[in-house]
2 protein chains.
Amino acid sequence: MSGDRIRTAIATVCLSGTLEDKLAAAAAAGFDGVEIFENDLIASRRSPSEIQRLCGDLGLTIDLYQPFRDFEAVPPDVLRANLRRASRKFDLMAELGAETVLVCSSVSPDAVDDDELAASQLRELAEVAGERGIRVAYEALAWGRYVNTYEHAWRLVRRADHPALGVCLDSFHILSRRSDPRAIRTIPGEKIFFLQLADAPLLNMDVLHWSRHHRLFPGQGAFDLAAFTGHVLAAGYPGPLSLEVFNDVFRQADPRPAAVDAMRSLVALRDSVGALEVPEAPRLAGHAFAELAVPGAALASLGFARVGTHRSKPVQLWQQGAARVLVNETTVDGAIGALGLTSADPAGSARRAETLLAPVLPREQGPDEAALSAVAAPDGTEIFFCGNDDWLRDFVPTGVVPAGMGITGIDHVALTQPFDHFDEATLFYRSVLGLRPEPVSEFAAPFGLVRSRAVGEGEVRLTLDSALVRRGEWAPGVPSPQHVAFACEDALAVAQAMREAGAPLLEIPGNYYDDLDARFDLPFSARLRENSVLYDRDEHGEFLHFHTELIGSRVFFEVVQRIGGYRGYGVVNTPVYMTAHRERRLSLARSVRPA
Amino acid sequence: MSGDRIRTAIATVCLSGTLEDKLAAAAAAGFDGVEIFENDLIASRRSPSEIQRLCGDLGLTIDLYQPFRDFEAVPPDVLRANLRRASRKFDLMAELGAETVLVCSSVSPDAVDDDELAASQLRELAEVAGERGIRVAYEALAWGRYVNTYEHAWRLVRRADHPALGVCLDSFHILSRRSDPRAIRTIPGEKIFFLQLADAPLLNMDVLHWSRHHRLFPGQGAFDLAAFTGHVLAAGYPGPLSLEVFNDVFRQADPRPAAVDAMRSLVALRDSVGALEVPEAPRLAGHAFAELAVPGAALASLGFARVGTHRSKPVQLWQQGAARVLVNETTVDGAIGALGLTSADPAGSARRAETLLAPVLPREQGPDEAALSAVAAPDGTEIFFCGNDDWLRDFVPTGVVPAGMGITGIDHVALTQPFDHFDEATLFYRSVLGLRPEPVSEFAAPFGLVRSRAVGEGEVRLTLDSALVRRGEWAPGVPSPQHVAFACEDALAVAQAMREAGAPLLEIPGNYYDDLDARFDLPFSARLRENSVLYDRDEHGEFLHFHTELIGSRVFFEVVQRIGGYRGYGVVNTPVYMTAHRERRLSLARSVRPA
């Protein structure tokens, strides 16, 4: 199957702005076509023919006009009004140059539970449509009054038996009801008139509310869209893969990056169904470095030593064990600006990232310097792909050998995400780097709820946090601090050594330890308390961790010890250290205007 | 029943910030006591005895320590660990000076479905607690594994039969399951150890998710908390009315106004159960005026005439029919700054408002000027209570008589609410002014979803709109424009007259009318289109309305005609005129930094 033959489309309802904003964003992201959502057209000053012209200029086809509601299985007088309404919409579609209309199964109190009546009326509609060269794609809404499964919609279409009538399949309506999508293979491909794709998190709520507020682009949620799409393609569906996502956040986010995010989801999806050749994600062996702007003294107090100076850039290399930190002197008070990941094939990693629409960063490369490939993550973090340690030759060794205080490497990097970019970040790291997302968890931070999700594979681990509600003026700390977590083998000893060396370690309140003592009977409880080390456990093992104070305004460090097979990140303790960081963040809030 | 004997409390989990922020806010709002939420204490640097001292200094009692989870109906080894855990918490409570602990019904996989075991273990806990002078309030979580109704919790408490064991009743857990609260009256009052109150909107979702994210203060949601509280008081419950509200927005909002909002909910609730004497809301006859800052020319083009000048302030009175607009020349480009409402008893309205914690505004009153009482709404809008037309004598008549273009009065005022204040505003207008809230509706505006709710009584109508997700940088128009809607008897004629007079009326796209023609067969369809008048209908009647362009940046006008008994506000058309307002708002967004 050639990927070039599978076209891509997006419903205008996925994006924020006016119809013109949406079309421009879809075209810029490389979509072949769009579904025009009726309300977007109604509010536009452009006539349908002007919109057709605009789409033509932008290189977009209009693959669907939608939705037409509450048509079938009604009394004769309602049918007459519905056919009149349809006729007006077909006029509009002719002007628009749209050949397919979406008809959703009725939710109207006028409708009756009569398959024969529904089929005969759909046939009547198809007859009128067919004469105009229009195709009717009939879709079962998950909350349709009588028709709410794709099997039922297909039964009606088969019974109506008209060439201008087919089904529209929507992954959300099908997967949210836990219908078995395998029977899609029994539908002749040419009778599948349209395919709408949406992912979603698994939420236990009314399916209408779930659909209207929480849909996601493929790869951001919990549905198996590769399998679903595979069934539709196996049936011989010849049309576009089209996204229809209703999401509270995307509806108000800048449509330009949102459209790129949407297109990335379709590149990844076509890759996973073998319909597009995307270079495989090379294996990532671990964290090569993290780059940020902190005073060298803070790193020295944690046992790091300055082991190198970049040949051409104002960057110092600090090291302890296998943990390497680049200090960029040009940034006065920045968060984590860049991550280096060790790739089995850096050029391959970069090629995959580029295919998945990650912006490739231009690099100034001095003579004799390593050719490093880098791309930008959605939040602007630069991701470098490093081949083993050859990038180290860009640094002139200082000759200093770090004595160290027990840090052995980088355990994970915590990239706090801007409110609008949480789901986009998941998709980026999953598709571009091949990292596996963990389930989303929520916790109550002192200034509001926070969502947290880890993505990782082997020794590469990132955590993504974001506010559940976009912060306002009261909540301090926008942008929120990020941190690098270093690994060690004895957190208690390392904490003690660092404290003695004058490291700016965070003091944890005694109340935390009183609670720990009530919950667990730990032999090393007193030492945790003495050293302000936090504790967690899961079914696989135990976790000890401690933190520095905020260093500057945007960053701090953590030191972690994993015992046994502990897989988490101590999220349960996050509110405790966030509260401890409060004073610093509050004082910053006074000078930084929150967004 | 004397209101003075019913104490008020609030759980620290209701509010944002650190424990110290929360306690300060609760005290400032006048609460008698607090429930200390364990996580707030754990993250605090203050020891329990320091917190007791702080509460004492603030005049707050600690009425509850909560929650203690997963205690009952477990195997012997788990019971031992649970008793050890309880014992540590009792130590802490002794230091804190808290006498009652909340024990929630178990959700643990360790628990078994055995009422006798559960009761005997609760008795054992109560025995330990009682020796320490502590009372155990046992609560059925709505999602408890085996115990999830208050009747079941009470059966266990009765069976355990220990003086230190009683029930905790939580309105959310009871009303969310649609349990009948009347049986509460059969519980002896002295066995009701604690009462937690929360309201909520009716949402069709998993009760745990509903509870954790969407609780509201009493009067903001859909539960009948007056009836509920009446049953508890009738049973003879002697303790405080305590709020326990988990809400995504309140959790991140400034705790000081949130605590006042919370206290207002308890004033109104005690009023409605006859437990507090609050002056009744006098009848409001209608809108006396709206005050804003617009150029006089804009009003003149709508047929208004300047009929008066304030004796001592830089304020002009413009009038047409019974619609009066005050133009405040000191505000260059403001939204609606003040509303005048005609009250049957202005002083009574002000007394009620003050009792319900509305800030009373100081007024400079010149000689011979009317004594106007005014209070501030949560968004800062000033609400004036006017007795008939006596306030008009503050204006020196210009002698001009408005010819008019058909406006007869003010139909409603649309007060767009800041994101954080939507539910607070509902409670304010409901309790302070006695307006009846309509159900919340949602619509998709061009830059994100909007919630809308009307509050009204007779001829006083307000609409409250707010973004569903706090807007970021892409979405323009923060703060959103507000508007005054004038009434007329023939919208088509009025629109035509105004257009001829050069009023800055908004042009509505032809696509809107094509859709209208497809949906309805209206005899006056062509005239709607010609005059850019929008249309809606409900089961009671029809609605015609049109809008001006934005005048300045924060305000516009609407003219409406209600035919028959139409009760709505044409919300279905809002996205159309919001899109039409876009260009102006976008240009503003470039100069105003959104919050």
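So, a few notes on the structure that sits alongside this text. These figures come from a predicted structure and were not determined experimentally.

### Comments concerning the packing of helix α15 (residues 510-519) of chain A against helix α4 (residues 76-96) of chain B
Following both chains from N to C, one finds α15 of chain A and α4 of chain B inclined at 155 degrees, their axes separated by 8 Å at the closest point. The orientation of α15 of chain A with respect to α4 of chain B, classified from their angle, is roughly antiparallel. In this structure, α15 of chain A uses Asp515, Asp517, Ala518 and Arg519 of chain A to contact α4 of chain B, whose residues at the interface are Arg84, Arg85, Arg88 and Lys89 of chain B. Grouping the constituent residues of the contact of α15 of chain A with α4 of chain B by class yields one nonpolar, no polar and seven charged.

### What to know about the interface of chain B and chain A
The partner chain A presents 62 residues to the 62 residues of chain B that form the contact. Buried surface at the junction of chain B and chain A, summed over both partners, amounts to about 5100 Å²; 58% is from carbon and sulfur atoms. On the chain B side of the contact with chain A, Arg45, Trp474 and Asn511 of chain B bury the most area, a combined 14% of that side's loss. Where chain B touches chain A, the interface holds four salt bridges. Between lysine 89 of chain B and aspartate 515 of chain A there is a salt bridge whose closest N-O contact spans 2.5 Å.

### Here's the deal with the pairing of strand β10 (residues 305-310) of chain B
Residue and element names in this part refer to chain B. Looking at chain direction, β10 and strand β11 (residues 315-320) are connected through four bridges and run antiparallel. Across the sheet, alanine 305 pairs through a bridge with glutamine 319, a residue of β11. Of the pairings in the sheet, the one linking β10 to strand β16 (residues 395-397) comprises three bridges and is antiparallel in character. If you follow threonine 309 over to β16, its bridge partner there is valine 396.

### Some words on unusual backbone geometry
The amide bond that connects glutamine 66 of chain A to the next residue, proline 67 of chain A, takes the cis arrangement and shows omega of -10 degrees. You can see proline 67 of chain A is positioned in strand β3 (residues 61-68). Not every positive phi belongs to a glycine, and arginine 178 of chain B is a case in point at roughly 60 degrees. Inspection of the secondary structure assignment puts arginine 178 of chain B in the loop between α7 (171-175) and β7 (192-197). A residue is classified by how much of its surface remains accessible, and arginine 178 of chain B, at 64% relative accessible area, is exposed. Despite not being glycine, asparagine 388 of chain B shows a phi value in the positive range, around 45 degrees. Tracing the backbone through its elements, the reader meets asparagine 388 of chain B in the loop between β15 (382-386) and β16. Under the relative-accessibility criterion, asparagine 388 of chain B is labelled exposed at 58%.

### Observations concerning the sheet that holds β15 of chain B
Sheets are built from strands paired through backbone hydrogen bonds, the pairs being either parallel or antiparallel. All names here are of chain B. With mixed pairing, the eight strands of this open sheet are ordered in space as β14-β15-β13-β9-β12-β11-β10-β16. Edge positions in the sheet fall to β14 (373-376) and β16, since each of these pairs with one other strand and no more. Averaged over all adjacent pairs, the angle separating strand axes in this sheet is 30 degrees, with direction ignored. The strands touched by helix α13 (residues 422-433) within the sheet are β9 (284-292), β13 (338-343), β14 and β15, with β15 carrying the most contacts at an inclination of about 20 degrees.

Rules used in this analysis
- Residues numbered from 1 in each chain as written.
- Chains lettered and ligands numbered in written order.
- Predicted model: local features only at pLDDT ≥ 70, side-chain atom pairs only at ≥ 80, totals over all residues.
- Heavy atoms only, no water.
- Axes fitted to C-alpha atoms, helices over the stretch in contact; angles between N-to-C directions.
- Helix = DSSP H or I, 4+ residues; strand = E, 2+ residues; numbered from the N terminus.
- Parallel < 35°, antiparallel > 145°, perpendicular 65-115°, else oblique.
- Contact = heavy atoms within 4.5 Å.
- Nonpolar A, V, L, I, M, F, W, Y, C, P; charged D, E, K, R; others polar.
- Buried area = accessible area lost by both parts, 1.4 Å probe.
- Salt bridge = Lys/Arg side-chain N within 4 Å of Asp/Glu carboxyl O.
- Pairing = 2+ DSSP bridges.
- Buried < 20%, exposed > 50% of the residue type's maximum accessible area, 1.4 Å probe, protein only.

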